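Breakdown of the fold
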Amino acid sequence: MDRFVWSNGLLEMNETLVIQQRGAKLDVGVVLLSTHRLIWRDQKNHECCIAIPLSQIIFFEEQAAGIGKSAKIVIHLHPASANKEPGPYQHSKYSYIKLSFKEHGQIEFYRRLTEEMTQKRWENTPASQPIPTATGSQAGRTRAVGIVGIERKIEEKRKETDKNISEAFEDLSKLMIKAKEMVELSRSIASKIKDKQGDITEDETIRFKSYLLSMGIANPVTRETHGSGTHYHMQLAKQLGDMLQAPLEERGGMMALTEVYCLVNRARGMELLSPEDLVNACKMFETLKLPLRLRVFDSGVMVVQLQSHSEEEMIASALDNVSEKGSLTAEEFAKLLGLSVLLAKERLLLAEKMGHLCRDDSVEGLRFYPNLF
Amino acid sequence: MHRRGVGAGAIAKKKLAEMSKQLETFKTHLEEFASKHKQEIRKNSQFRVQFQEMCATIGVDPLASGKGFWSEMLGVGDFYYELGVQIIEVCLALKHRNGGLITLDELHQRVLKGRGKFAQDVSQDDLVRAIKKLKAMGNGFGMIPVGGSYLVQSVPAELNMDHTVVLQLAEKKGYVTVMEIKDSLKWERERACHVLDHLLKEGLAWLDSQADGEPQYWLPALFSELSSRDVTPEEANQMTP
C-alpha cells in the first residue's frame, strides 16, 4: 500500500483527534481519525504507525458485515504524489484500502469520517509538518479514469438502498398515522373517565391501562400507577417476589434497583423488562402483600428491600458497627457487610438522619462517628 | 345531573370497546410492518432514529414496556433494554476509577468491546436513548454536555451549574487549576475551591499537589486512551489523599 507514510503517531500542532477505534484491521490495530490524517497504529507494536493525509481520499463506502465477516469501510485513494515521504511500500497496484472493524464501531467512524471529509478542516489549518497532497495534472488525469467506474457503482447502490429505505419509510409513516389515531382516541377516553370516574368500573380502568401499555402511551388519567397497575405488572411483581428472595438475603436485605434490573434481565435472556416495567411492578409489592418493598432514598437512589429487614434493625446494626470501629467511611462499611458502596452510604446517611451518627466531611472522605451530642 | 352522569359513562364504555377493536387492527398492521421491515430496524441505526422520532412526535413511547406491541413485534425493546444492562455494568466496573462520570465516547468503546464481535453494532444515539430509559430507576443517570459530546453520570452526586461549567473547562486538558477557573470564569477563589472540593469528595476529581506551579485537579472521566492505563480498585484507594 504505497500511499502510507511512516509516522511517529503524534498529533501535529493544530491537528485534533476526532475519533479512534480499536480492533480495526489492516493487521490488528487501532485506527485514529484526526482533522488532517487517517492514522493506523499496530496494537502489539506501538512503534509501528502509518498515516494517510485525508486529502488523499477520493471517497469511501461501507461494506456491511456478513456471516463470519466483520463490517468494513473501503477507502479509495488518489495516486501517490511524487514527493511523498517514505512508507511501508513504494509501489502498490491497489488504489484503495479496507478497514475491517473486528470490534465494531464502524457506524460512528463512518459518520465522523464523513464529517471530516465534508468540513475539510485540514485546508484551513495546515499542520506544521508538510503533508503531501495530491496535485498536478498527471494525477488529475489518472484520477478521472478511476473515478468514473467507482461513481457509477455508488450511484447504482444508492438507488437500490434508496428504494428499500423509502419503501420502509413510507410504510412507517402509514403506520404512524394509525398509531396517532389510537393516541387521540385514548385521550378522549381518558377525559371521559376523569369527568365521571364513578361510572367506570375498576376492571374497565385496568383494561384501559393495559391498552395504553400495549401502545406505549403515557397514562393521561393518573400520573401514578401506584396501587392499581395492570395485570401484567401484578404478575411481574409476584415473579419478582419469588426470584429476589435469595439474592436479597445474600446482600444484606437490600439491592439497588439498577442491580435488580441487570439480575432479572440477565436471567431472562429475552423478552426483557423495560426499566419502567420494573419500577411499576415494584410499586405493587405492598398492595399484593408481598414481603418486599420499593424504597426511594433522599438522594433519589431506588432500592428493593426485604420487609423482614426493618428500619430500626438496620440503623441499630449500623450504629453498632460504627461504635465498634470508632468510625467508618461508606467504603469501609461496605466491605464489612458485603454491600455495595452506594447502599452502605445510604444506610449510614439514614442512621445520621435519625440522629444516631454524625459526620466528619473533609476532602479525605466522608466519615461517620457515633453521635454523642 | 344524574342523566348526564349516565351519558358520560356510557360513552366512555362505548369508546373503550372501540379502542379494543382498533387495537386489534393496529396489531395486525404492526405485524405486517414487522414482517417486512424488522431487519431494517435492527441493522440500520438511521432508521432507528427516524422511528424513535416519529413515535415521539405522535406521543408514543415504544420503549415504555417490554409488553408493548412495539417491543414484542419489532423487537426494539430487547435491543435497548439489553443495552441498558451493558451500560450499567460498564459504569459500575469503572466507578472506582472515575467516580461515576464517563465520557460518552469511552462508554461507547467499552460497551462495544463487551458486546463482542458477533453482536449488532450500536451507535451513540442508541446509547443515549437507552440511558434516558434508565433514568426511571433512580440512581442518578444523567448526561452533561461537555466539549461537543457528553459526560454520562451514573451516581446520584449532585452536580449543579457551577460543577458542570468547571467540568467543561477541564475537558480540553483533562485537568483544571484554581487559577484557570479564576481567569476563564472570573470567579472568586473561594467559589472555585468550593466546587473543586465537592468534585474531590464525590470521587470525580483527583488532586495532583506535586504538579509544577499550581495544584492540578484531574478528572479521570476525561482521561483518553492515549494518555492513561487502567487502574485497579486497590491502586485507586491508595491514590486518594
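Thresholds, definitions, all that
Residues numbered from 1 in each chain as written. Chains lettered and ligands numbered in written order. Predicted model: local features only at pLDDT ≥ 70, side-chain atom pairs only at ≥ 80, totals over all residues. Heavy atoms only, no water. UniProt positions renumbered as here; feature names shortened; annotations may be inferred. Domains from an automatic or database assignment. Buried area = accessible area lost by both parts, 1.4 Å probe. Salt bridge = Lys/Arg side-chain N within 4 Å of Asp/Glu carboxyl O. Polar contact = N/O pair within 3.5 Å; in protein donor to acceptor, adjacent residues only side chain to side chain. Helix = DSSP H or I, 4+ residues; strand = E, 2+ residues; numbered from the N terminus. Phe/Tyr/Trp six-rings, centres within 6.5 Å; stacked < 30°, edge-to-face > 60°. Contact = heavy atoms within 4.5 Å.

- Looking at an unreviewed UniProt entry, one finds chain B named Vacuolar-sorting protein SNF8, with Chanos chanos as its source organism.
- Heading Subunit (unreviewed entry) of the UniProt record for chain B holds this comment: "Component of the endosomal sorting complex required for transport II (ESCRT-II)."
- Listed under Subcellular location (unreviewed entry) in UniProt, the entry text for chain B is "Cytoplasm".

- By the naming in an unreviewed UniProt entry, chain A is Vacuolar protein-sorting-associated protein 36, taken from Chanos chanos.
- Check the Function (unreviewed entry) section of the UniProt entry for chain A; it says "Component of the ESCRT-II complex (endosomal sorting complex required for transport II), which is required for multivesicular body (MVB) formation and sorting of endosomal cargo proteins into MVBs."

**Considerations on the domain arrangement of chain B**
Residues and elements named next belong to chain B.
- Split by domain assignment, chain B resolves into domain 1 (26-156) and domain 2 (158-236).
- Of note, the centres of domain 1 and domain 2, computed from C-alpha atoms alone, are 29 Å apart.
- Taking both sides of the interface into account, the surface hidden between domain 1 and domain 2 amounts to around 1500 Å²; carbon and sulfur atoms contribute 59%.
- Where domain 1 packs against domain 2, one counts 0 salt bridges.
- Remark: the boundary between domain 1 and domain 2 carries 3 residue pairs in polar contact (both at pLDDT 80 or more).
- At the level of elements, helix H4 (76-98), strand S1 (101-103), helix H5 (104-115), strand S2 (142-146) and strand S3 (149-153) are the ones that each hand at least two residues to the side of domain 1 that touches domain 2.

**Concerning the packing of aromatic side chains**
Residue and element names in this part refer to chain B.
- Per the stated rule, a full pass over the model turns up 6 aromatic pairs over all chains.
- With 4.6 Å between their ring centres and 40° between their planes, Tyr175 and Trp218 make a pair best called tilted. With a gap of 43 residues between them, Tyr175 in strand S4 (residues 175-176) and Trp218 in strand S6 (residues 216-218) connect regions that are remote in the sequence.
- One aromatic cluster in this structure is built from Phe26, Phe51 and Trp70.

**Comments concerning the interface of chain B and chain A**
- In this complex, chain B contributes 78 residues to the contact, which on the side of chain A involves 74 residues.
- Note on chain B versus chain A: buried area summed over both sides is about 7100 Å², and carbon and sulfur give 67% of it.
- Among the salt bridges present, the one from B:Lys133 reaches A:Glu276, with a minimum N-O distance of 2.7 Å.
- Along the contact surface separating chain B from chain A lie 19 residue pairs in polar contact (both at pLDDT 80 or more).
- Elements represented by at least two residues in the side of chain B that touches chain A include exactly helix H1 (2-43), helix H2 (45-58), helix H3 (69-74), H4, H5, helix H6 (124-134) and helix H9 (189-201) of chain B.
- By residue number, the principal contributor to the side of chain B that touches chain A is H1(B), which donates 22 residues.

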